[in-house]
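So the chains spell out like this:
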Amino acid sequence: MNRVIFSVLAALLAISVSAQDLTDSQRAAIEERIHPVGQSCMEGDSGCGGAVAVAAVASSGSRSGEEVYNSACLACHSSGAAGAPIYGVAANWTDRIAKGNAVLYTSGIEGIAGTGMIAKGGCMSCSNEEIEAAVDYMVAGSK
Ligand code: HEC
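Residues numbered from 1 in each chain as written. Predicted model: local features only at pLDDT ≥ 70, side-chain atom pairs only at ≥ 80, totals over all residues. Heavy atoms only, no water.

Draft legend 1. Up close: the state of the cysteines. Across all of its chains, the model carries one disulfide by this definition. Note that Cys123 is cross-linked by a disulfide to Cys126, the S-S spacing being 2.0 Å. The disulfide joining Cys123 to Cys126 has a torsion of about 80° about its S-S bond and is therefore right-handed. Given a relative accessible area of 3%, Cys126 falls into the buried group. (Disulfide = S-S within 2.5 Å. Buried < 20%, exposed > 50% of the residue type's maximum accessible area, 1.4 Å probe, protein only.)

Draft legend 2. Quick look at the coordination of the iron atom of the ligand. Those protein atoms acting as donors to the iron atom of the ligand are His77 (NE2) and Met117 (SD), and they sit at 2.0 to 2.1 Å. Coordination at the iron atom of the ligand is octahedral, judged from the six donor atoms that bind it and the angles of 88 to 179° they form at the metal. Of this pair, His77 sits in helix 4 (residues 65–77) while Met117 sits in the loop between helix 6 (101–110) and helix 7 (128–140), and the two are 40 residues apart along the sequence. Classification of Met117 by relative accessible area gives partly exposed; the value is 23%. (Donors = N, O, S within 2.8 Å, 3.2 Å for Na, K, Ca; no water. Tetrahedral: all angles 85-135°; square planar, octahedral: opposite > 155°, others 65-115°. Helix = DSSP H or I, 4+ residues; strand = E, 2+ residues; numbered from the N terminus.)

Draft legend 3. Summary view of the site of the ligand. Contacts to the ligand come from 22 residues, most closely from Cys73, Cys76, His77, Ser107 and Met117. A distance of 2.8 Å is found between a nitrogen atom of the ligand and a side-chain nitrogen or oxygen belonging to His77. In this structure, Ser107 approaches the ligand through a side-chain N or O atom, which is 2.6 Å from an oxygen atom. Secondary structure elements with two or more residues in the shell around the ligand: helix 4, helix 6 and helix 7. (Near = heavy atom within 4 Å. Polar contact = N/O pair within 3.5 Å; in protein donor to acceptor, adjacent residues only side chain to side chain.)

Below is the structure:
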């Protein structure tokens with residue numbers, strides 16, 4: 001039994017000694033090899049903007065265009081309620097798409113006075129970006 005413990009200790013000692021025996025260039029080579037997999041970057045580290053940006057988007061809770069559409073736009077835009085252009089019906093959208101995205105985004109965010117298209121489709125918790133994503137989703141699915 002003692003012999004087993006001893007050999008485990010000896011093995012551990014051998015490993016830790018060999019890790020310390022690495023030369024600087026060997027360490028650099030190892031870091032180079034493991035870097036692409038883990039992209040070891042810390043918050044605020046400017047060297048890994050991509051990874052930080054992805055994390056920021058995820059943590060802001062931003063909803064996809066499809067999610068926003070399903071929760072805030074579908075009620076009118078799937079049935080044509082109040083004269084809404086119907087999702088997926090190209091004939092309802094051709095003239096509107098021709099006005100360009102900027103106009104459609106404004107309609108989505110501010111609504112269209114005097115029509116059933118209320119500001120943000122009534123989704124006041126939606127950011128402008130989320131409404132624009134919903135417009136993109138509707139346009140892409142209605143061409
Ligand atoms: C209460 C019903 C209703 C809801 C909810 C609604 N819409 Fe609309 N929407 C309309 C109607 C009605 C029109 C047509 C208005 C018109 O031009 O007469 C319209 C038109 C639009 C247009 C075309 C605008 C243009 O300039 O031609 C876009 C884009 C649009 N809606 C986006 C959205 C988005 C995005 C949502 C969800 C966030 C949404 N709508 C939710 C009723 C609705």
